[in-house]
Amino acid sequence: EGKALGIFQSFLSRRGENYSSGISSPNTSWTTGSRLSPYLTWGHISLRYVIDMTKRRQEELHAAKKPSSAPSSWIRSLANFQSRLHWRSHFIQKLESQPCLEEQDQCLAFSHLRRQPNDFSQDYYDAWCQGR
């Protein structure tokens, strides 16, 4: 729990400012992402606590912001972070209520894209590994 709280605190105080611009890039997501996923998954930190502390940080930032200025990257990033937390919960619920999604496509029109038995090609795999 202590490690999770430390990582979360570093996100709220430093790393989270560029969350919106850096989360989608493998080059920057390590420093801009929350890194909370394993701690949330295994219960080392609660989702309720993360949401509450994120809201508190947003309120601090809004209070410090000049009324005429545009939303800061902090405010935008924390709003996007909260949105991702909600989507995380949505998809967890989706998999719990529809466990068949693990093996069956939600949209059956794309079923033909799923791997079929015996369709593995060592040559294609090797070419992929070598960037060809």
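Rules used in this analysis
Residues numbered from 1 in each chain as written. Predicted model: local features only at pLDDT ≥ 70, side-chain atom pairs only at ≥ 80, totals over all residues. Heavy atoms only, no water. Phe/Tyr/Trp six-rings, centres within 6.5 Å; stacked < 30°, edge-to-face > 60°. Helix = DSSP H or I, 4+ residues; strand = E, 2+ residues; numbered from the N terminus. Lys NZ or Arg CZ within 6 Å of the ring centre and 35° of its normal. Core = buried A, V, L, I, M, F, W, Y, C linked by side-chain atoms within 4.5 Å. Buried < 20%, exposed > 50% of the residue type's maximum accessible area, 1.4 Å probe, protein only. Contact = heavy atoms within 4.5 Å. pLDDT = per-residue confidence, 0-100. Salt bridge = Lys/Arg side-chain N within 4 Å of Asp/Glu carboxyl O.

K.L.:
Explanation requested: the packing of aromatic side chains in the structure shown.
P.N.:
Where two aromatic rings form a pair, the distance of their centres and the angle of their planes describe that pair. Throughout the structure, instances matching the rule amount to 6 aromatic pairs. An angle of 50 degrees between the planes, with centres 4.7 Å apart, marks the rings of F11 and F81 as tilted. With F11 in helix α1 (residues 2–13) and F81 in helix α6 (residues 73–97), the pair connects residues that are 70 residues apart, well separated along the chain. Put simply, the rings of F11, Y19 and F81 touch in pairs and so form one group of aromatic residues. The ring of W30 has R35 lying over it, and the distance from NZ or CZ to the ring centre is 4.3 Å. Cation over ring: R57 sits above W74, and NZ or CZ is 4.8 Å from the ring centre.

K.L.:
I tried to follow the nonpolar core on my own but got confused; where do I start?
P.N.:
The tendency in soluble globular proteins is for nonpolar side chains to be buried side by side. Counting residues in hydrophobic clusters, the biggest one holds 19 residues, and the most contacted among them are F8, F11, L36, I45, V50 and F81. Those elements giving two or more residues to this core turn out to be α1, α4 (37–41), α5 (47–64) and α6. Beyond its immediate sequence surroundings of up to four residues, L36 is in contact with A4, I7, F8, V50 and F81.

K.L.:
Sorry, what's going on with the confidence of the model for the protein chain here?
P.N.:
Averaged over the protein chain, the pLDDT score is 88; the fraction of residues at 70 or greater is 96%. Mean pLDDT across the secondary structure elements of the protein chain bottoms out at helix α3 (residues 29–32), with 88, and peaks at α1, with 95.

K.L.:
It is not clear to me how unusual backbone geometry should be interpreted in this structure. Could you clarify?
P.N.:
Phi is mostly negative for residues that are not glycine, and the peptide bonds are mostly trans. The phi angle at R35 is positive, at roughly 60 degrees, despite the residue not being glycine. Relative to the elements of secondary structure, R35 occurs in the loop between α3 and α4.

K.L.:
Even after reading the chapter, I still don't get the pattern of salt bridges, so can you show me in this structure?
P.N.:
It is possible for side chains of opposite charge to pair when their charged atoms get near one another. Inspection of the entire model under this criterion finds 1 salt bridge. With a shortest N-O distance of 3.4 Å, R57 and E60 are connected by a salt bridge. Here R57 pairs with E60, and both are found in helix α5, just 3 residues apart, close to one helical turn. On the basis of relative accessible area, E60 is assigned to the partly exposed category, the value being 44%.

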